[in-house]
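Coordinate analysis (summary)
The residues making up each chain are set out below.
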Amino acid sequence: MYTNYHPRWHRKPMSTYWWLERRSYLAFILREVSSVFIAWLVVFLMLLVRAVGRGDASYQQFLDWSARPLLVVLNIVSLSFVVFHAITWFNLAPKAMVVYVRQRPVPGHLIAASNYLAWAVASGLVAWLVLGG
Amino acid sequence: MNDRITMQVARYLPEGDAELSYQEYEVPYPREWVVLDGLNYIKDRLDGSLSYRWSCRMGICGSCGMTVNGEPKLTCATFLADYAPGPVRIEPLQNFPVIRDLVVDTGDFMRKLTSVKPWLIREEEKPLSEGEHLQTPAELDQYKQYSMCINCMLCCAACPVYGLDSEFVGPAAIALAQRYNLDGRDQGSKLRLDVLSDHEGIWGCTFVGECSKVCPENVDPAGAIQRYKLTAAMDSLKSFLMPWRGS
Amino acid sequence: MSNHHDVLLVGGGGAGLRAAIEIAETNSHLSIAVVSKVYPMRSHTVSAEGGAAGVIRDDDSLDEHAYDTISGGDWLCDQDSVEMFVEEAPRELLRLEHSGCPWSREPDGQIAVRAFGGMKNKRTWFAADKTGFHMLHTLFQTSLKYKSVVRYDEWFVTKLLVDDGRVYGVVAIELMSGRIEAITAGAVILCTGGCGRVFPFTTNANIKNGDGMSLAYRAGAPLADMEFIQYHPTGLPFTGILITEATRAEGGYLINKNGDRYLQDYGLGKPEPKPVLRSMELGPRDRLSQAFVKEVEKGHAVDTDFGPVVHLDLRHLGEELINRKLPFVRELCLKYENIDPVTELIPVRPVVHYMMGGVHTDMNGATSLAGLYAAGEVACVSINGANRLGSNSLSEILVFGARAGRAAAEYASSHTDTSTAVLAQAADERNRLQQRFTRKRSGERIADLRDEMQKTMEQSAGIYRSGESLSQAADTLHELQDRFASVTIEDDSRTFNTERISALELAYMLDVAETIVNSALRREESRGAHQRTDFPARDDKRYLAHTLIHREPDGSCRVEYLPVTITRWPPAERIYGT
């Protein structure tokens with residue numbers, strides 16, 4: 001604005017490895033990265049659906065393919081990213097939802113706990129459908 | 001010397017320097033001395049050319065935020081003895097351009113603060129003759145936490161998104177927008193929502209959570225932003241499902 | 001940005017922002033400049049804790065508030081101003097409520113009020129114990145919505161531009177760039193606050209250097225009642241951080257090393273378990289600070305590394321009340337003293353807190369120079385007399401900020417003339433600053449001169465003064481002025497040169513210190529916060545008058561007296577504790 005009297009300010013660019021400086025930054029980047037794995041799981045699910053649609057042979061081929069060590073490792077990593085994302089998401093829930101009961105805010109850990117409970121119930125239901133039902 | 005601590009202080013003179021450099025000073029550190037006392041000792045006794053901001057030295061004016069050993073801190077509320085035996089490194093707040101030594105340019109914060117309309121908006125002013133707006137202590141508690149922001153900008157310095165994305169409104173300004181949105185006397189939340197969601201503003205936040213950790217006043221800007229996202233999401237969902245209700 | 005405005009405010013604290021808002025709301029065509037050496041939300045209003053006085057309860061009355069203020073001020077207040085002040089205060093506080101100030105509330109949602117020292121009724125509005133912080137941020141955030149308010153953040157004013165008895169603007173340095181500019185205006189309002197940093201031990205922020213007082217004084221406007229300096233009885237040792245009077249209003253006790261509530265020995269009433277208004281710990285600040293000195297003389301104080309202290313006892317109030325009404329006090333004690341007031345005693349001692357005197361103004365903030373106004377702590381209207389009551393000053397900045405704003409706006413609207421002479425003055429001032437404050441290593445350090453000034457002031461112009469110590473101090477200060485001429489400046493950068501600013505601030509403080517000492521020397525009586533050991537009694541015959549101190553062309557002081565305005569409350573004895 002006033003060039004004569006405006007010597008350059010020093011701008012420090014953020015280092016490429018800034019996300020290694022703090023555990024919370026790392027967690028943040030991992031959560032961002034988890035989207036890649038979630039995308040993979042979606043693709044994996046679609047491949048499964050396609051395989052089922054094409055008949056038994058195709059389904060068996062898909063299962064064999066899925067059992068390859070590389071894919072098992074990839075899916076375990078993906079699962080851990082999903083779990084990581086879910087946990088951080090539920091821990092965040094009390095921040096986003098402030099629920100008042102009788103004019104008093106419900107403590108954050110109760111809100112988080114109710115989310116975990118819902119997760120457990122939903123998982124149980126799915127497990128029952130898939131394994132038991 | 002065991003009764004002295006080494007302070008490594010970032011220096012930058014825009015007329016000459018291209019980069020920050022560090023200068024070392026030996027200062028005493030009695031139990032009751034804060035980092036700011038160390039800086040004042042340097043300025044008063046050792047080197048009058050050191051520049052930094054400070055005023056109230058009781059943690060309420062928000063002037064003296066700096067980076068102490070890598071963490072954003074109010075230097076008037078951070079004790080030197082906690083860093084013994086040293087050295088302790090003092091740098092300007094991160095994510096802001098440095099004007100000189102430990103002084104950063106806060107213009108960006110001021111512009112963003114103004115952009116979220118941090119004032120009480122009423123459709124119709126209540127005449128003074130009708131007295132106060134009633135507000136129960138519980139209603140006050142709804143927004144009180146967010147009204148405690150002292151604009152020290154430690155949260156902005158701790159937030160990597162603020163450093164990476166120049167459009168991001170930043171934790172402090174969003175917390176202050178929420179301070180008014182959640183105040184029962186205010187009727188301007190719609191106007192602020194337009195500003196914040198227009199901007200791509202709040203969606204930049206991916207909940208790193210550092211802003212709330214470094215906040216000296218427990219304002220919890222991270223919480224404010226998540227709540228805001230929920231509100232914004234509900235709002236756009238509503239206008240998608242019920243377009244006739246208009247904006 | 002254009003460097004001409006209709007009204008220019010020096011200072012962006014409570015008074016300045018209130019004035020800016022008032023002008024913007026009354027006439028949106030007027031251009032308003034807020035020139036402040038810090039960002040407005042850093043201003044020292046932010047540190048005020050306890051509350052702001054304004055009558056709202058049915059069992060209270062304006063007359064009672066006026067009487068408390070006048071007797072608290074030891075009859076040195078101008079009673080017409082006080083009457084106007086108490087009447088306008090509630091409306092101003094209410095207006096702030098309408099702007100969003102988070103005042104503490106009763107369960108039914110109405111504004112809550114608390115007791116305060118020297119007040120006969122509960123009338124202090126509060127926002128927990130960060131009242132000043134909330135008021136300042138509400139005002140600042142509200143001011144952001146007015147397009148006509150132009151801020152000059154971090155601009156340091158060095159001179160008022162005066163031509164033929166009329167003020168036309170200021171010269172200021174932009175800290176960030178170092179450029180020196182004339183900013184002209186139809187009217188100027190000084191809102192720079194107090195000068196506590198003239199003393200070594202003060203609650204005041206680093207920025208409280210009496211800038212506005214010195215600017216006005218040098219420009220030819222007299223300062224009034226500069227000898228009246230308030231010591232707040234409860235500051236934390238070493239830091240000088242204020243522990244609000246609200247601690248005592250909520251029921252805290254002051255005790256000496258024997259555990260006695262010693263105020264009962266000083267005509268302040270009998271100790272009761274619950275707080276009694278205008279009694280004991282809720283007596284006025286001057287009396288409480290004087291009682292401390294007497295306790296030290298009796299050997300009843302507790303010795304610490306940072307001088308003698310007494311104790312403030314909040315333990316019986318309980319954790320819930322402390323957390324709800326005094327959270328900041330607890331936070332400050334934990335942080336700075338490593339003490340939890342819920343279970344431990346707080347060490348406290350009197351600390352320089354407030355300047356009752358200031359630029360002499362009328363009820364509208366007008367000074368004796370045309371076009372120059374002043375409001376807030378920098379001004380002396382006078383509603384505070386010889387001793388201000390706690391919680392009157394936060395109301396004062398609103399009432400007189402608004403009044404000065406209106407008066408200045410009116411003046412600026414009807415006086416649109418400009419002066420070319422002042423531009424030459426501005427050029428001279430630019431030269432002076434460039435020559436005077438360039439790198440120079442021959443002299444003494446700024447901090448050394450400042451320390452010596454502060455020590456001199458504490459020794460001579462403290463809670464008790466004597467003619468002998470004051471005249472010695474006057475000589476020392478005179479000598480310091482000379483030594484200041486060759487003070488060392490190590491920093492020759494244009495960018496954010498805080499050393500140059502410190503030197504300019506020291507110059508302001510030396511001026512203010514001289515007016516304090518010389519005013520105190522000539523007032524041969526004891527009244528309110530001015531206690532002379534050689535003249536221990538109040539002398540209404542000679543001194544029921546305001547001290548006006550002028551600067552002579554040769555730099556010396558000239559003192560004259562102006563009678564106090566008495567309307568309905570003739571001077572009487574100050575009685576507390578009955």
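Keep in mind the model is a prediction, meaning the values are calculated, not measured.

1. Considerations on the overall build of chain C
When helices and strands are tallied, chain C shows 15 helices and 22 strands. When its C-alpha atoms are laid out on the principal axes, chain C stretches across 65 × 55 × 50 Å. A burial count over chain C gives 68% of its 578 residues as buried. Put simply, 74% of the contacts in chain C that link residues at least 6 apart link residues at least 24 apart. Accessible surface, chain C as shown: approximately 18100 Å² in total, 47% of it carbon and sulfur. With 64 positive and 80 negative side-chain charges, chain C shows a separation of 2 Å between the mean positions of the two kinds.

2. Let's talk about the pattern of salt bridges
All told, the structure shown has 67 salt bridges over all chains when counted by the stated rule. When the shortest N-O distance is used, the salt bridge between B:Arg53 and C:Glu154 registers 2.6 Å. Highlighted residues: B:Arg53 in the loop between α1 (35-46) and β3 (65-68) and C:Glu154 in the loop between β6 (149-153) and β7 (155-163), drawn from two different chains. Just as B:Arg53 is buried, C:Glu154 falls in that class too. One salt bridge in this structure joins C:Glu490 and C:Arg445, with 3.2 Å as the shortest N-O distance. Residue C:Glu490 is found in the loop between α13 (467-484) and α14 (498-522), and its partner C:Arg445 is found in the loop between α11 (421-436) and α12 (446-460); the two are separated by 45 residues along the sequence.

3. Let's talk about the sheet that holds strand β4 (residues 113-114) of chain C
Residues and elements named next belong to chain C. Read from one edge of the open sheet, three strands run β3-β5-β4, paired in antiparallel fashion. Every other strand in the sheet has two partners, leaving β3 (52-53) and β4 as the edge strands with one partner each. As judged from the two bridges shared by β3 and strand β5 (residues 124-125), these two strands associate in the antiparallel manner. Bridge assignment links alanine 52 to a residue of β5, and that residue is tryptophan 125.

4. Thoughts on the interface of chain A and chain B
Taken together, the contact between chain A and chain B spans 20 residues of the former and 36 residues of the latter. Between chain A and chain B, a total of about 2500 Å² is buried, with carbon and sulfur atoms accounting for 57% of that surface. Connecting chain A to chain B are two salt bridges. Measuring nitrogen to oxygen at the nearest pair gives 3.5 Å for the salt bridge that ties A:Arg22 to B:Glu71. At the junction of chain A and chain B, the tally comes to seven residue pairs in polar contact (both at pLDDT 80 or more). Those elements that place two or more of their residues in the side of chain A that touches chain B are α1 (23-53) and α3 (69-96) of chain A.

5. Brief notes about the side chain of C:Ser502
Considering the arrangement of structural elements, one finds C:Ser502 in helix α14. When sequence neighbours within four positions are dropped, the list of residues in contact with C:Ser502 reads B:Lys43, C:Ile446 and C:Arg450.

6. As for the domain arrangement of chain C
Residue and element names in this part refer to chain C. Considered domain by domain, chain C is made up of domain 1 (233-351) and domain 2 (436-544). Centre-to-centre, using C-alpha coordinates, domain 1 lies 29 Å away from domain 2. A combined buried area of about 470 Å² lies between domain 1 and domain 2, and 65% of that area is made up of carbon and sulfur atoms. Counting the contacts that link domain 1 with domain 2 gives zero salt bridges. Our count for the domain 1 to domain 2 interface comes out at one residue pair in polar contact (both at pLDDT 80 or more).

7. Some remarks on the domain arrangement of chain B
Many analyses report the size of an interface as the accessible area lost when the parts associate. All names here are of chain B. Looking at chain B, the domain boundaries give domain 1 (4-104) and domain 2 (107-245). For domain 1 and domain 2, the distance between their C-alpha centres works out to 31 Å. Contacts between the two partners involve 12 residues from domain 1 and, on the opposite side, 15 residues from domain 2. The junction of domain 1 with domain 2 conceals about 1000 Å² of combined surface from both sides, 69% of it contributed by carbon and sulfur atoms. Of all residues in domain 1, Pro72, Asn95 and Phe96 give up the largest surface area on contact with domain 2, accounting jointly for 49% of the area buried on that side. At the boundary of domain 1 and domain 2, one finds zero salt bridges. Applying the counting criterion to the domain 1 and domain 2 interface returns three residue pairs in polar contact (both at pLDDT 80 or more). The greatest single-element share of the side of domain 1 that touches domain 2, amounting to three residues, is contributed by strand β4 (residues 71-74).

8. So, the interface of chain B and chain C
Counting from both sides, the interface comprises 69 residues of chain B and, opposite them, 71 residues of chain C. Carbon and sulfur atoms make up 53% of the surface buried where chain B meets chain C, a total of about 5500 Å² over both sides. In terms of surface lost to chain C, no three residues of chain B exceed B:Arg57, B:Met58 and B:Leu128, which account for 13% of the buried area on that side. Remark: the boundary between chain B and chain C carries seven salt bridges. Put simply, chain B and chain C have 36 residue pairs in polar contact (both at pLDDT 80 or more) between them. Per-element accounting of the side of chain B that touches chain C gives the leading share, five residues, to α1(B). Classifying every residue of the side of chain B that touches chain C by side-chain character gives 35 nonpolar, 16 polar and 18 charged.

Calculation notes
Residues numbered from 1 in each chain as written. Chains lettered and ligands numbered in written order. Predicted model: local features only at pLDDT ≥ 70, side-chain atom pairs only at ≥ 80, totals over all residues. Heavy atoms only, no water. Helix = DSSP H or I, 4+ residues; strand = E, 2+ residues; numbered from the N terminus. Buried < 20%, exposed > 50% of the residue type's maximum accessible area, 1.4 Å probe, protein only. Contact = heavy atoms within 4.5 Å. Areas by Shrake-Rupley, 256 points an atom, 1.4 Å probe, with all protein chains shown as cover. Lys, Arg positive; Asp, Glu negative; His and termini not counted. Charge placed at Lys NZ, Arg CZ, Asp CG, Glu CD. Salt bridge = Lys/Arg side-chain N within 4 Å of Asp/Glu carboxyl O. Pairing = 2+ DSSP bridges. Buried area = accessible area lost by both parts, 1.4 Å probe. Polar contact = N/O pair within 3.5 Å; in protein donor to acceptor, adjacent residues only side chain to side chain. Domains from an automatic or database assignment. Nonpolar A, V, L, I, M, F, W, Y, C, P; charged D, E, K, R; others polar.

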